[in-house]
Amino acid sequence: MPYAPAAFPAGRPRRVRRTPALRGLVRENNLSVDDLIWPVFVRDGQGVEEPVPSMPGVYRRSVDKIVEAAKEAFDLGVSTICLFPYTDPAKKTLDCAEAWNPDNLSNTATRAIKAALPDMAVMTDVALDPYNITGQDGFLVDGYVVNDETVEALVKQALSQAEAGADIIGPSDMMDGRIGDMRQALEHAGHINVAILSYSAKYASAFYGPFRDAVGASGVLKGDKKTYQLDPANTDEAMRCIARDLDEGADMVMVKPGMPYLDICRRAQDEFGVPVYAYQVSGEYAMMQAAAQNGWIDGERAMMESLMCFKRAGCNGVLTYFAPAAAKIIGA
Ligand code: PBG
């Protein structure tokens, strides 16, 4: 006799998990190529594609190679790319003037991508660390990153990025008051449609390590970033920062890092109902790639699962080094 329970269970939730068709019918969230923003590293030179050792599968590319890679990603459906420059150490200074040089790497790459792919959205990073001798996101004075002087420089940087054709600027610096000042400066300069995706909830995290290698900031960073990036212990404070940035004119907000901060994503979406993005940062990527390379996890499945979790947590999209790889699987 086959086993039959004495009483029917009150429900059999497993019914809807029985086949792929049924699982598809009840699926609550979907990951689409529209959700993906691809961060890339730009360096100088021609025809250069240099691997970043702590981020298997990630490269620093010269502008021509960035354009090629952007085309491939765009063909896979990834329509937003986010630029991070690896600046020649000789161009790093205390006043960070390279940050608003109209012909710096980020601006040159923006123009090249927009010329080749007008329909691809280009997002740029507003922060001084790639250009700063101290590796800090702002000006270091007597061991402290000063706020207002830094904001003044960030506004110049943001304007130069808008001038180069950026569709979205991403202030990742965590200074106070920068969103309002940037918004106003952009409006006055006629860049009324340049969107601001503010890194409102950016934490002082150990998960940025490989990124700092990728942009050449690891060796140079003096001290840490705890006087401006958020304490990983806090949630309410992140909500206050989001509220303030929205008030000052942010169109979208970022939570960073991603996987360890899904609670922040969920709360941001529930409380504000605005476009919320997560940055699945370099350390998260490196951990997953390292485990996959060792055969300890199934890399593809873990990648797709991690990206779906951002949707479940209420994110509208995710910045991820996996973007083209994930797009390939979504499109397959
Ligand atoms: C700095 C910046 C960082 C990242 C993006 N912009 C690092 C930091 O704050 O030190 C990290 C991204 C990543 O780890 O993938 N403006």
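Parameters at a glance
Residues numbered from 1 in each chain as written. Predicted model: local features only at pLDDT ≥ 70, side-chain atom pairs only at ≥ 80, totals over all residues. Helix = DSSP H or I, 4+ residues; strand = E, 2+ residues; numbered from the N terminus. Expected span 1.5 Å × (residues − 1). Core = buried A, V, L, I, M, F, W, Y, C linked by C-beta atoms within 7 Å. Buried ≥ 20, exposed ≤ 12 C-beta atoms within 10 Å, placed from the backbone. Contact = placed C-beta atoms within 7 Å. Near = placed C-beta within 6 Å. Nonpolar A, V, L, I, M, F, W, Y, C, P; charged D, E, K, R; others polar. Axes fitted to C-alpha atoms, helices over the stretch in contact; angles between N-to-C directions. Parallel < 35°, antiparallel > 145°, perpendicular 65-115°, else oblique. Left-handed = near helix turned anticlockwise from the far one by under 90°.

The chain is annotated in an unreviewed UniProt entry as Delta-aminolevulinic acid dehydratase from Donghicola eburneus.

A. Molecular detail of helix H10 (residues 299-312). Taking 1.5 Å as the rise per residue, H10 with 14 residues should run 20 Å; its terminal C-alpha atoms sit 20 Å apart, in good agreement. Just downstream of H10 lies Gly 314, where phi reads positive at about 100°.

B. A look at the nonpolar core. Counting 93 residues, the largest nonpolar core has Val 42, Ile 81 and Cys 265 as the members making the most contacts within it. Contact partners of Cys 265, with chain neighbours within four places excluded, come to Val 255, Val 276, Ala 278, Phe 310, Ala 313, Gly 314 and Cys 315.

C. Geometry of the site of the ligand. In the region of the ligand, the neighbouring residues are Asp 125, Ala 127, Asp 129, Asp 137, Ser 172, Tyr 208, Phe 211, Arg 212, Lys 225, Val 281 and Ser 282. Here the residues of the shell around the ligand sort into four nonpolar, two polar and five charged.

D. Spotlight on the packing of helix H4 (residues 147-164) against helix H5 (residues 178-188). Their axes nearest at 9 Å, the elements H4 and H5 cross at an angle of 40°. In terms of their interaxial angle, H4 and H5 are classed as oblique. Judged by the sense of rotation from one axis to the other, the crossing of H4 with H5 is right-handed. Facing Val 151, Leu 154, Val 155, Ala 158, Leu 159 and Ala 162 of H4, the residues of H5 in contact are Arg 178, Asp 181, Met 182, Ala 185 and Leu 186.

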